[in-house]
Structure formats: C-alpha cells, structure tokens
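Structure at a glance
So the chains spell out like this:
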Amino acid sequence: MADDAKWDLLVIGAGLNGMTLANYLLRSGLKVLVLERRLESGGGLASEESTLTGFWHNTGHYIFDTLNLLPFHEELKLPEVNVGFVHPEVLSALPLRDGRALVIYKDLGQTIESIAAFSRKDALMWERFSRAEAAMPEWSGAALRMSPQPTPPASGDLARLSRMSPREVLDERFESEVVKSLILHHLLIPRGIGYDYSGTGHFVPFAIAQARQGALVRAGSHELAQGLWTAILQRGGDVWDMTEVTQILVEEGRAVGVELAGGRRIFGRAVVSTIDPATTFRLTGEHQVPSDLLERLARYQPDELSLFAVHLALKNPPRFRAAVVNHDVNHALRYGIGLESVADHVALWDELRRGELPARAGMFVSFPSIHDPSQARAGHHTGLIWQVVPRVLRGREWKSVRDDYLATCIERLAGYASDIGPDSILGAVAMTPDDMAAKWTNLGVGLFGGRNSGGQLGPFRPLPELAGYRTPIAGLYLAGAAAPPGAGLTPAPAMACLELVARDLGAKRWWTRRARRGRRVG
C-alpha cells in the first residue's frame, strides 16, 4: 500500500493485546496494520536463549490461566499456525520449611484432599467458592469482554466481598495460614493484587476458581507471538517492526493516522493504542485532551511492585524436600516460595513500600521444561525465579546488587529443593526491574499496567471516562494493560475493545460473546 493509502485500522504495539485485536478485526474484513517499536513482535511474549544455547527462557508473559474464559486461541484457530498449549495436571504448590506442602490440582477432589490436611473447614470453603464460580456472571468470559466493563454488584455476597480487602475476606472465611498464603500468592502473581488492597476482596473467589487453570505455550511464549504474527499476514494484514510512532495525527478532533520516526505518515480510519494512556496522549499532543482529565490521569497510581527475574539452565530437575510427603510437588507448574503465612506477606509488602531489597523470599518459581521438554536441551531443564521487589531501590541502583541478589535468590530456592546448586546449574542470568523497563519501554506504570486496587479496576480503569476504551479523541481507542479490566496480563482489553471498534467501523462481528466459564473438573 502507498503511504497515503488508508488502512481501516492502525494498531500501536505488537504485543498480546495488539496482535489479538488485529487478528479478530482482520477476520471481520478490515484492513489492519500493526506498528511495533522493537525489532521483534510479541512484547512480553518473549522466549530467549538468555543463559546458554538450547535453553529457552520465557522472559516476559509466561503462564496463561484465563484460557477457559477467553479462548482467543480457539476462536482465532491458532493451532493451525502451530500454536499449542500444555495443560499440567498439577497446577500449584506451596512447599513449607517444615517439609509439608499444599498442592493445587486440576482435579478439584485432589485439591480438596490436599487442603483438608491443613484445615477441613478451609477445604469446604474452597470447594464452596469453586462451585459458586459457575454461578458468577461477573467472572464469565462474556463479562470480561464487555465494553464498558460491568460495575461491581450492588447486593449479594460478591458485592460485600468487593468492598473488602483480600486479607479481610481470608480472615473471615479461612483459618489456615498456609491456605491463606497460597491464595495471596495467586493474587500477587499474576494479578498484581496486594493483601490489603481495598475493593479487591471479590478476587478471592476468582483466584480460587482460576487456581485450577494454568497453561504454558508449547516451545515457549514467543511461539504464541509468532503464531499471532503469522495469522495476521495470512489474513492480509501487516506488522511493521522497528517502526516507532512519534505522533498520532488528529484532525478536527478525530484520529486519522500516525507519523513515524523519520516523518513518514500512515493514514487510517481509526487508531488503537496498546501503550499506556499518558504516553498515548503525549503522542496526540496533550492539547487535544481536556486538561482536567490529564490532571487526574497524572494521579493514576503505578504498580507498587516489580520483579527480579532469575533464569536458570539446569542439568537436572529440582527435587523438592516436600516431595517426600507428596511426590506431586515435583511436578507443579508454579511454586510459591518463602511466604507461608499472612504475616510473611505483610512483612514483604512493608519492605516493598520502604523501597528495600527484600530480606525474605517472596518468590514465584517454575520449571517449564518439566512440562515441555522442548524448552531445554535434551535431558536438561530450565528454571524461572520471580522474586517480588520494589520498582526502585531506596539509596541503591539495581545494577549494584544484581549479581549478589541473583545468588541470594538461588540460595533461597536451594533451601526448599535439591539439585539447585553449583553442580547442577549450568548457567544463570538475572533481569532487574531496570532491565525490564529498558526492554519494554511502555512499562511506565509498571508490569501490571498500574496498581490493581479497587479504584483502578474494571469500570474505573484508568479513569471512569476512559474505562469504555474510547478516548476524548474520536477514532482513538485504548487496549493495553492499563485499560479494563486489569488484575492480570490477559488479552481481555483487546477482546473488549474490538467490540467497539467493529461496531464503529461497521465490521462484521463473527465471534460469539458467550458466557463461558471454567470447565468443571472433578
């Protein structure tokens, strides 16, 4: 197409949201161009040989736990472009220092049995929340792709929970500190929700329902990016990498195209931005947006936490000491390490808020190659540690602590598992919060798109006026992580925004907004 030819839609950002939205609307008959600043499409869908050749490490988005609610891979027929998911039977484990472990399975009966070893009361409550999820329309796939997002319920048990913090809900409904801690782990990663975030108590039943979900992309997360990219080309769209947007063109209050670095101009009927709202409005020129909206957007709260990542190339799979009691511990998709009580979570958050390097383990750990051998050399394994940390250290720079803290994280994990030491580790590489910010420069408000507290979720994210995905500029839409619904890195913003774009551009709506919920297991 010539520079001055009109595309129907220009999408800024070739990450999960940008390429998902492009694929849906290409199938609706629109002409779509995706523009990506980096050399490689995918955003957080990144897999790299960070340690040694033949060991593939997922450096960004990793576990997908909402495929049951948002089956974009099925609707877009991504298996036809070589995208597959691995669904482990053992989803989560919380190994304890005393040698016990709480284990969550895909099978509800096995999960209840594991919880009952800590508290029969909690096992019954877990089962109640798991069963009740089927009757919660607020957690259906249809609700997650609504535009605008539904407001919190006005009455009923879920409404009451939505006015509480997770800790308040857990203290009211559960008794075991271990069970409470595991639920807080699942709220922390991947949802970015803190134990004391007001207005997020209703995410406790959601976290419980989704704890039995979880999948990883076969051959690494970048295979999903590659599949989405391939599908765009097959449908007649295009993705331009190494293409930085320096301006969103606005004429008479309507977005009409973009200007690229170097001055080239591309025109379209509409523009969707998957970068954060503040950066988006800087590209339009802030004079195009009401000043009071910009002032309130400047008060949008960024994430309180970030991650210190350690990628491991291993000779052998780890052997957890808790596997002596339950051998399934060695086969979990994810592990919570170091936070065994609510008090542990409180102490960690106190350190984060003081800007201190955490003196305690608060780690998400996974070994992808246990479930997908293609992600490591034959007979070897990969490991991932995400230690929760503050985005900025008080009085120190991340580069000054990187190597020592890498060793500290490995030492902490070795306290729970054998074969995590010099004889087994072939290579280890750390990514600090600064490294992630340099790699993905659109993370100005944080890895989770901004703080996931009650006033910044759903119909309030990032502001009530922007929560419907439209902006004050006609033809300009928001569909990134700072758009609704929040509380998790999913394609939900794209799948809700595309409903509006299709309607506004008169595109054929071929997908079904069905009230899809978790498959009943057990």
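Coordinates for the structure precede this section.
Residues numbered from 1 in each chain as written. Predicted model: local features only at pLDDT ≥ 70, side-chain atom pairs only at ≥ 80, totals over all residues. Heavy atoms only, no water.

**Some remarks on the nonpolar core**
Our working rule: To define a nonpolar core, start from buried Ala, Val, Leu, Ile, Met, Phe, Trp, Tyr and Cys residues and group those joined through side-chain atoms within 4.5 Å. Burial classification: accessible surface area is computed with a 1.4 Å probe over protein chains only, and a residue below 20% of its type maximum counts as buried, one above 50% as exposed, and the rest as partly exposed. Each helix corresponds to a stretch of at least 4 residues labelled H or I by DSSP, and each strand to a stretch of at least 2 residues labelled E; elements are numbered beginning at the N terminus. We call two residues in contact when some of their heavy atoms are within 4.5 Å.
Counting 112 residues, the largest nonpolar core has Leu-21, Leu-25, Trp-126 and Leu-224 as the members making the most contacts within it. Here the element with the most residues in this core is helix H17 (residues 492–504); it accounts for nine residues. The contact partners of Leu-25, leaving out residues within four places of it in the chain, are Leu-9, Leu-30, Val-32, Leu-498, Val-501, Ala-502 and Trp-511. Core analysis: the second largest hydrophobic core is formed by 36 residues, Tyr-105, Val-329, Ile-337 and Trp-398 among them.

**Some points on empty space enclosed by the protein**
Going by this rule: The rule is simple: put a 1 Å grid over the protein atoms alone, call a set of points where a 1.4 Å probe fits but cannot get out a cavity, call an open set with protein on both sides within 12 Å along at least five of seven lines a pocket, and count a residue as lining if it has an atom within 4 Å of a point. Grid points are joined across faces, edges and corners, and a volume is the space filled by probe spheres set on the points. In the scheme used here, Gly and all other residues not listed as nonpolar or charged are polar, with Ala, Val, Leu, Ile, Met, Phe, Trp, Tyr, Cys and Pro taken as nonpolar and Asp, Glu, Lys and Arg as charged.
A full pass over the atoms with the stated rule returns six cavities of 30 Å³ or more. If you add up the space inside the largest cavity, you get close to 90 Å³. If you trace the largest cavity, you find 14 residues lining it, with Phe-64, Asp-65, Thr-66, Leu-489 and Thr-490 closest to the centre. Among the residues forming the lining of the largest cavity, the class breakdown is eight nonpolar, four polar and two charged.

**Overview of the environment of Asp-372**
The condition is simple: Counting of polar contacts relies on pairs of N or O atoms within 3.5 Å, with two restrictions inside protein: one atom must be capable of donating a hydrogen and the other of accepting it, and residues adjacent in sequence are counted only when both atoms are side-chain atoms.
Assignment of secondary structure puts Asp-372 in the loop between helix H14 (368–371) and strand E17 (381–389). Judged by its relative accessible area of 5%, Asp-372 is buried. Beyond its immediate chain neighbours, meaning those up to four positions away, Asp-372 contacts Val-86, Leu-216, Val-217, Arg-218, Ala-219 and Gly-220. In terms of polar contacts, Asp-372 uses its side chain to reach the backbone amide nitrogen of Ala-219, at 2.6 Å.

**Here we look at the pattern of salt bridges**
For the record, the criterion: A side-chain nitrogen of Lys or Arg and a carboxyl oxygen of Asp or Glu constitute a salt bridge if their distance falls within 4 Å.
The final tally for this structure, using the stated rule, is 27 salt bridges. Between Asp-157 and Arg-173 there is a salt bridge, and its shortest N-O distance comes to 2.8 Å. With a gap of 16 residues between them, Asp-157 in helix H6 (residues 157–161) and Arg-173 in helix H7 (residues 166–173) connect regions that are remote in the sequence. On the basis of relative accessible area, Asp-157 is assigned to the partly exposed category, the value being 33%. Residue Asp-171 is joined to Arg-167 by a salt bridge in which the shortest nitrogen-to-oxygen separation is 3.7 Å.

**Describing helix H11 (residues 277–284)**
Since the α-helix advances by 3.6 residues per turn, residues separated by three or four positions end up pointing in the same direction. Note the threshold: As used here, the arc is the angular range of directions from the helix axis to the C-beta atoms.
Taken together, the buried positions of H11 are Pro-277, Thr-280, Phe-281, Leu-283 and Thr-284. Along the axis of H11, the buried residues cluster in a sector spanning 150°; they form a single face. Sitting at the amino-terminal end of H11 is Asp-276, which places a side-chain oxygen 3.3 Å from the backbone nitrogen of Ala-278. Gly-285 lies just past H11 and shows a positive phi near 90°.

**Some details on the packing of helix H1 (residues 16–27) against H17**
Any two packed helices are characterised by how steeply their axes cross, that is the angle between the axes, and by the distance between the axes. Spelled out, the test is: Inter-axis angles, ranging from 0 to 180 degrees, are taken between N-to-C directions of lines fitted to C-alpha atoms, where helices are fitted over the stretch in contact. Helix crossings are classified by the rotation of the near helix relative to the far one: an anticlockwise turn of less than a right angle makes the crossing left-handed, while a clockwise turn makes it right-handed.
The interhelical angle for the contact between H1 and H17, taken along N-to-C directions, is 35°, at an axis separation of 9 Å. For the pair H1 and H17, the sense of crossing is right-handed. Residues Asn-17, Thr-20, Leu-21, Tyr-24 and Leu-25 of H1 lie in contact with H17, whose contacting residues are Ala-492, Pro-493, Ala-494, Met-495, Cys-497, Leu-498, Val-501 and Ala-502. Within the contact of H1 with H17, the residues separate by chemical class into eleven nonpolar, two polar and no charged.

**As for unusual backbone geometry**
Residue Ile-189 is joined to Pro-190 through a cis peptide bond whose omega torsion reads 20°. Within the fold, Pro-190 resides in the loop between helix H8 (177–188) and helix H9 (203–210). Look at the link from Arg-461 to Pro-462: it is a cis peptide, with omega at -15°. Of note, Pro-462 is situated in the loop between helix H16 (433–439) and strand E20 (476–478). Backbone geometry at Met-242 places phi at a positive 50°, although glycine is not the residue there. Secondary-structure assignment places Met-242 in the loop between strand E9 (238–240) and strand E10 (245–251). With a relative accessible area of 58%, Met-242 lands in the exposed category. For Glu-252, which is not glycine, the phi torsion reads 50° and is therefore positive.

**Focus: the pairing of strand E11 (residues 254–260)**
To keep it simple, the criterion reads: In short, DSSP must find at least two bridges between two strands for them to pair.
Taken across its seven residues, E11 has six buried, putting it largely inside the fold. Summarising the sheet, E10 and E11 pair through six bridges and their orientation is antiparallel. What sits directly across from Val-245, in E11, is Leu-260. Taken together, E10 and the strand that follows it, E11, pair antiparallel across an intervening segment of two residues, in which Glu-252 is found at a positive phi of about 50°. Bridging between E11 and strand E12 (residues 265–273) involves three bridges; their strand directions are antiparallel. Paired with Glu-259 across the strands is Arg-265, a residue of E12. The antiparallel hairpin formed by E11 and E12 contains four residues in its connecting segment, where Gly-262 sits at a positive phi of about 100°.

**Examining the environment of Ile-183**
For Ile-183, the position within the fold is in helix H8. Ile-183 gets classed as buried once you look at its relative accessible area, which sits at 1%. In this structure, the C-alpha to C-alpha distance between Ile-183 and Val-204, residues 21 residues apart in sequence, is 7.2 Å. Filtering out sequence-adjacent residues up to four positions away, Ile-183 remains in contact with Trp-126, Leu-170, Phe-174, Val-204 and Ile-208.

**Overview of the packing of H8 against helix H13 (residues 342–353)**
Rules: These descriptions rest on fixed angle ranges, namely under 35 degrees for roughly parallel, over 145 for roughly antiparallel, 65 to 115 for roughly perpendicular, and the rest for oblique.
For the pair H8 and H13, the least separation of the axes is 8 Å and the interaxial angle reads 40°. Overall, the two elements H8 and H13 adopt an arrangement that is oblique. Judged by residue contacts, Glu-177, Lys-180, Ser-181, Leu-184, His-185 and Leu-188 of H8 engage Val-342, Ala-343, His-345 and Trp-349 from H13. Grouping the constituent residues of the contact of H8 with H13 by class yields five nonpolar, three polar and two charged.

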